[in-house]
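# Structural overview
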Amino acid sequence: MNKYSSRGMYQNSWIVSTQQEIKGKIEHNYFCQCSHSFRFSTTFDTTDAPDVLCPLCGNDYFINSNEFGLKDGVRIWKDFHWEIEVGETADRWSVTLFYTIALYNAQSNTIIPVKQNLLTLEFDKEGKYDLGITYHSNIVSRYSLFQNGRVKPLSSLLLDDAKEQLINHILNNRVEALAWINRSNIESLSYKQRFEYIRFFLKNNYLQEHRFFFWKMEGLEKVFTKTVTQKEALQYIANEKTERIVKKALYRGYEESMQKIGYYYPYSDYIFSRIIKNVDLLANLYALHPAIKQNLFTSNTLSVAIELLRFLKRYYTEKQIVNLFTRNIQDEDTYRERLLLFRDTLNLLDARNAIASLEKHFMKIKLTTKKLHDEIIRIFHIVSYELDAKEEFEYDPIYLSACQEYEGLEFRLPLTARELSLWAKMLHNCMFGYIKRIHQHKSIIYGIFKDKELLYAIELNGFNIVQPRFCNRNKNFSHNIIK
Ligand SMILES: [Zn+2]
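Remember, predicted model here, so these are calculated numbers, not experimental data.

## Structural notes on the overall build of the protein
For the protein, the count of helices and strands is 18 helices and 16 strands. Burial analysis of the protein (483 residues in total) assigns 27% to the buried set. Here the analysis covers contacts within the protein between residues at least 6 apart in sequence; of these, 56% occur between residues at least 24 apart.

## Looking at the packing of helix α9 (residues 279-286) against helix α12 (residues 318-328)
Any two packed helices are characterised by the angle at which their axes cross and by the distance between the axes. The contact between α9 and α12 brings their axes to 10 Å, and the two run at 10 degrees. Here α12 runs roughly parallel to α9, going by the angle between their axes. When α9 is examined against α12, the residues Leu281, Asn284 and Leu285 are found in contact with a partner set consisting of Glu318, Lys319, Val322, Phe325 and Thr326. Across the contact of α9 with α12, the residue classes tally to four nonpolar, two polar and two charged.

## Things to note about unusual backbone geometry
With a phi close to 90 degrees, Ser35 is a non-glycine residue in the positive phi region. Locating Ser35 in the fold gives a position in the loop between β2 (25-31) and β3 (37-43). C-beta crowding within 10 Å serves as the criterion here: with 13 such atoms nearby, Ser35 is assigned to the partly exposed category. The backbone phi angle of Lys452 is positive, close to 70 degrees, even though this residue is not glycine. Considering the arrangement of structural elements, one finds Lys452 in the loop between β14 (444-450) and β15 (453-461). In this structure Lys452 comes out as exposed when scored by C-beta crowding, with 6 C-beta atoms within 10 Å.

## A word on the packing of helix α7 (residues 244-260) against α9
Running from N to C, α7 and α9 point in directions that differ by 5 degrees, and their axes come no closer than 8 Å. When the interaxial angle is binned, α7 and α9 end up roughly parallel. Residues Ile245, Val246, Ala249, Leu250 and Gly253 of α7 form the contact with α9, whose own contacting residues are Val279, Asp280, Leu282, Ala283 and Tyr286. Across the contact of α7 with α9, the residue classes tally to eight nonpolar, one polar and one charged.

## Here's the deal with the nonpolar core
In this structure, Trp14, Leu118, Leu166, Leu250 and Leu285 are the most contacted members of the largest nonpolar core, which totals 87 residues. Not counting residues up to four positions away in its chain, the partners in contact with Leu250 are Leu234, Ile237, Ala238, Asp269 and Tyr286.

## Things to note about the environment of Ile292
Tracing the chain through its elements places Ile292 in helix α10 (residues 290-296). In the structure, Ile292 is positioned 33 residues away from Phe325 in sequence and 8.8 Å away in space, judged by C-alpha atoms. Not counting chain neighbours up to four residues away, the residues in contact with Ile292 comprise Ile329, Gln330, Tyr335 and Leu339.

## Some details on the environment of Ala354
As for its position among the elements, Ala354 is in the loop between α13 (335-352) and α14 (355-361). Take Ala354: there are 19 C-beta atoms within 10 Å of it, and that puts it in the partly exposed class. Other than its neighbours up to four places away in sequence, Ala354 contacts Leu349 and Phe380.

## Structural notes on the sheet that holds β2
Spatially, four strands are ordered β3-β2-β1-β4 in an open sheet, and the strand pairing comes out mixed. Two strands bound the open sheet, and with one partner strand each, they are β3 and β4 (63-64). Relative to β3, β2 runs antiparallel, the two sharing seven bridges. Counted as the bridge partner of Glu27 is Ser41 from β3.

## A closer look at the pairing of strand β6 (residues 83-88)
Remember that side chains alternate between the two faces of the sheet whenever the strand is regular. Alignment of β6 against strand β7 (residues 92-105), held across six bridges, turns out to be antiparallel. Opposite Glu85, over in β7, you have Thr96 as the bridge partner. Connecting the antiparallel pair β6 and β7 is a turn made up of three residues.

## Observations concerning the sheet that holds β7
One open sheet accounts for four strands, arranged β6-β7-β8-β9; its pairing is antiparallel. The sheet terminates laterally at β6 and β9 (132-135), the two strands that pair on one side only. Here the average twist between neighbouring strands, direction ignored, is 25 degrees. Pairing analysis gives four bridges linking strand β8 (residues 110-124) to β9, with the strands arranged antiparallel. Within β9, the position partnered with Glu122 by the bridge is Gly132.

## Considering the environment of Pro414
If you trace the backbone, Pro414 turns up in the loop between β13 (409-412) and α17 (417-426). Other than its neighbours up to four places away in sequence, Pro414 contacts Phe393, Glu419, Leu420, Trp423, Ile445 and Gly447.

## As for the pairing of strand β10 (residues 144-147)
Examined bridge by bridge, strand β5 (residues 76-77) and β10 share two bridges and lie parallel to one another. Counterpart to Trp77 in the pairing with β10 is Leu145. With four bridges connecting them, β10 and strand β11 (residues 150-153) associate as antiparallel partners. Within β11, the position partnered with Ser144 by the bridge is Pro153. In textbook terms, the turn of a hairpin is the stretch between consecutive antiparallel strands, and for β10 and β11 this stretch comprises two residues, one of which, Asn148, has a positive phi near 50 degrees.

## Regarding the confidence of the model for the protein
Here the protein averages 82 in pLDDT, while 86% of its residues score no lower than 70. Low confidence marks residues 471-483, where pLDDT is under 50. Its contacts with residues over four positions away, or in another chain, come to 17 contacts.

## Description of α9
Within α9, the full set of buried residues consists of Leu282, Ala283, Leu285 and Tyr286. Buried residues of α9, seen end-on, are gathered within an arc of 160 degrees and therefore sit on one face of the element. Considering only its buried residues, α9 is in contact with α7, α8 (267-275) and α12.

Calculation rules
Residues numbered from 1 in each chain as written. Predicted model: local features only at pLDDT ≥ 70, side-chain atom pairs only at ≥ 80, totals over all residues. Helix = DSSP H or I, 4+ residues; strand = E, 2+ residues; numbered from the N terminus. Buried ≥ 20, exposed ≤ 12 C-beta atoms within 10 Å, placed from the backbone. Contact = placed C-beta atoms within 7 Å. Axes fitted to C-alpha atoms, helices over the stretch in contact; angles between N-to-C directions. Parallel < 35°, antiparallel > 145°, perpendicular 65-115°, else oblique. Nonpolar A, V, L, I, M, F, W, Y, C, P; charged D, E, K, R; others polar. Core = buried A, V, L, I, M, F, W, Y, C linked by C-beta atoms within 7 Å. Pairing = 2+ DSSP bridges. pLDDT = per-residue confidence, 0-100. Arc of directions from axis to C-beta.

This is the structure in structure tokens:
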């Protein structure tokens, strides 16, 4: 707007009046902004420079350079133009507004152009500091300009122009952190907001998403007892991980959460960040649907969940653990049931303080919520019947003698509680309640195998088969076991 495309060396038109004592005259030198210059002389009794038009361009507004900028001079200027100079160093961008005045130099007895700076704006490339403003001339604060029928302080005109130019300069010479910015997105923002916007993305150079600038982290205030900034909170949740992919996934997950469920639930991200080291896998977990994330963990199961997942890492790869939450749980039809199982697993572990039992009894299973839950239940039964102390079953010889093959079916007695629990697992059933009864000789369970594969189990009470209790649901129950 005010940037004047200078056709000559001057942005404004000047008159420099010099006394020619010998001739008894005053010489008025006109330097028009169109770059044409000419002169008139007057005698000492008419010292004022005559009002003239530039014979070349018709301009009639010349500023008297002898009076220009003097405190008691004209406070409101009809017209004034300036130019802009952009600068860039390794760590900052800058713009300087300046004008060039024509001044008489007594030493050389010539009129020379002198560049005068008005103000400089600086902006650091890491977004560390506020916009830096340096005023070089008192002209900026003292004068006003008559423009479009209104008087406007020169300072606000200059500042607005400098800010506009600086933002253009920054966006024209983009660093990587700003390369994605769409100018039309920020045009409606005030200058103050635009600088905040640029600063935000310089500081958080992993974000690169317009909407992030407008987010507020109300949800996190409930989680952290002391006041923390949005950045601190996410930094904490991300476990100080600074990789761009991690930060971006975290913010995106946050955004999705605010959109879909109206708040952000940080426990899942917090736990994941402490378990999964691979940043791509971690980003996958951050990208889980918020409805799943908010149901996986609670503040109560926070520590036991971390313990469990750390324990599982001894048996499984990070990818397998991530699959437990992604592939396994992220199923539209079954996710509710699977979430309940997973939460139940955590609650069980938490209630019984049972990680030590896992260490002792855990057997590697295919990592799904269902199988993990079953395995934890199996371990609890072992633990709750104190089978650590009494592991082996003792049988009456008559029962042992029945362990034979009949018509291709092999009858076996479980020798240890561990074996029985393995059968239970294979048959997808729960025989744990019988561990105690077997020890107390109140119950006998035979496993029935065909070609070394467990087909089902039967319970004997005395010499009568009570019923085929435990049947592998995956097998056809086609054998007539009661003869
Ligand atoms: Zn002219």
